[in-house]
Structure formats: structure tokens, C-alpha cells
Amino acid sequence: KRRTWKLIQGLQVQERELKHRHASTLRLLSSFCDCVFTMTRDLCLVDPSKSLATILLQSKAISAGTDICTLIKRKEDQDRFKDFVTKSSLEELEDDAKPLPSSLMLDFNDALGRRVCTRVYLASLRTAQGLQHVVGVVEAGERDYPETMDNSSTTTSA
């Protein structure tokens, strides 16, 4: 019984450390990112995200379980993002050191179909639920706004 109790205590300590690491990573990314969310190993949102919805001009929070790749504008960017996450995951699985966020320039689609240029930061972490990815997003440029068709209202005649 004593051995079982020590094993349980060890697991509880480990779980607290994992929660602390996850919370610390969220706080760090929240300090400079426009939006922060957690993804599963399969690139799906763990919780609904109002802040990501705001960046993408959506009126409702993006639902838990949403595949992030469906929000990325181009197929090439989707593939780069998947590679980025995979490489980050492999580093976390191979190295037990504290993970360092890394970044990638990525274009999302907003609700109007316009390109939203962002810098995405990623930290892969082991959690009690398995490997997860904490993602921070910073808008990094202008959106693709349609050009005005008629500029005559801004000119004056003499």
C-alpha cells in the first residue's frame, strides 16, 4: 500500500507540474499575442475560441473540435503549418527540456474570405490529456481589402 501511495503522490506532482507548465505557456503567449488557444495532437481546438473568432471577424466563438487547418487560407500554408506542428511535437517528445515557442508566418481566412496575415507561435506540451499545442496568433499585416471601384466621390471639380 505504501508503494502505491508513493506512486499516486508522484503522479499527482507530475500532473501539477504539467498544469503549471501549460498555464505558464498560456500566460507568456497571452502577454504579446492577439489570441491564444490550445490544440489537440490532431490540430483541433480544445476549447471554443472567441479571440480567434474576433481576428477572423466571426460573430460566434470558433467551436471546440474545429480543425485549425480549415481556417487557413491556402493549401500550401496548411501543409507548412502541419509540418511546423509535427517538427515541434517531435522535439518535445525527444527532449524533456522546457519547450520554447517557435513561430511561422501564416495566412488565415476571415469571415469575408479576405487574407489575414499572422505570425503564429507554437509550444508543444505534454499534458494529462496527452500531447497538446499552445498556439499564439499575432496579426502581422494589413488585410486584403477590395479596392474602391469609384473614387469620384473624393475628387472635387473646379
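Residues numbered from 1 in each chain as written. Predicted model: local features only at pLDDT ≥ 70, side-chain atom pairs only at ≥ 80, totals over all residues. Heavy atoms only, no water.

Novice: Outline unusual backbone geometry, supporting the account with residue identities and numerical values.
Specialist: The backbone of Leu43 shows a phi angle near 65°, a positive value even though the residue is not glycine. For Leu43, the position within the fold is in the loop between strand S1 (35-39) and helix H2 (50-55). One non-glycine residue, Leu57, lies in the positive phi region at around 60°. Locating Leu57 in the fold gives a position in the loop between H2 and helix H3 (75-94). (Helix = DSSP H or I, 4+ residues; strand = E, 2+ residues; numbered from the N terminus.)

Novice: So what about the pattern of salt bridges? Which residues, and what values?
Specialist: Under the counting rule described, the total for this entry stands at seven salt bridges. A salt bridge links Glu76 to Arg74, with the nearest nitrogen and oxygen atoms 3.6 Å apart. Judged by relative accessible area, Arg74 falls into the partly exposed class, the value being 34%. The partner of Asp77 in a salt bridge is Arg80, with the nearest N and O atoms 3.0 Å apart. Of the two residues, Asp77 and Arg80 both sit in helix H3, three residues apart, roughly one turn of that helix. Residue classification places Asp77 among the buried residues on the basis of a relative accessible area of 3%. Of the residues examined, Arg80 reaches a relative accessible area of 37% and is grouped as partly exposed. One network of salt bridges, with partners in common, ties together Arg74, Glu76, Asp77, Arg80, Asp107 and Arg115. (Salt bridge = Lys/Arg side-chain N within 4 Å of Asp/Glu carboxyl O. Buried < 20%, exposed > 50% of the residue type's maximum accessible area, 1.4 Å probe, protein only.)

Novice: Could you give me a rundown of the packing of aromatic side chains, with the residues and numbers involved?
Specialist: On inspection of all chains with the given rule, the structure shows one aromatic pair. Between Phe32 and Tyr121 the ring centres are 5.0 Å apart and the planes differ by 90°, which places this aromatic pair in the edge-to-face class. Placement of Phe32 in the loop between helix H1 (2-30) and S1 and of Tyr121 in strand S3 (residues 115-127) is noted, with a sequence separation of 89 residues between them. By relative accessible area, which is 40% here, Phe32 ends up partly exposed. (Phe/Tyr/Trp six-rings, centres within 6.5 Å; stacked < 30°, edge-to-face > 60°.)

Novice: Break down the environment of Leu131 for me, with residues and values.
Specialist: Here Leu131 lies in strand S4 (residues 130-139). What makes Leu131 buried here is its relative accessible area of 8%. In this structure the C-alpha to C-alpha distance between Leu131 and Ser89, which are 42 residues apart in sequence, comes to 7.8 Å.

Novice: Give me the pairing of strand S2 (residues 102-109): which residues, what numbers.
Specialist: When S2 meets S3, the two strands line up antiparallel, connected through eight bridges. Bridge pairing links Ser103 to Tyr121 in S3. Counted along the chain from S2 to the antiparallel partner S3, the turn is five residues long, and its residue Gly113 has a positive phi close to 80°. (Pairing = 2+ DSSP bridges.)

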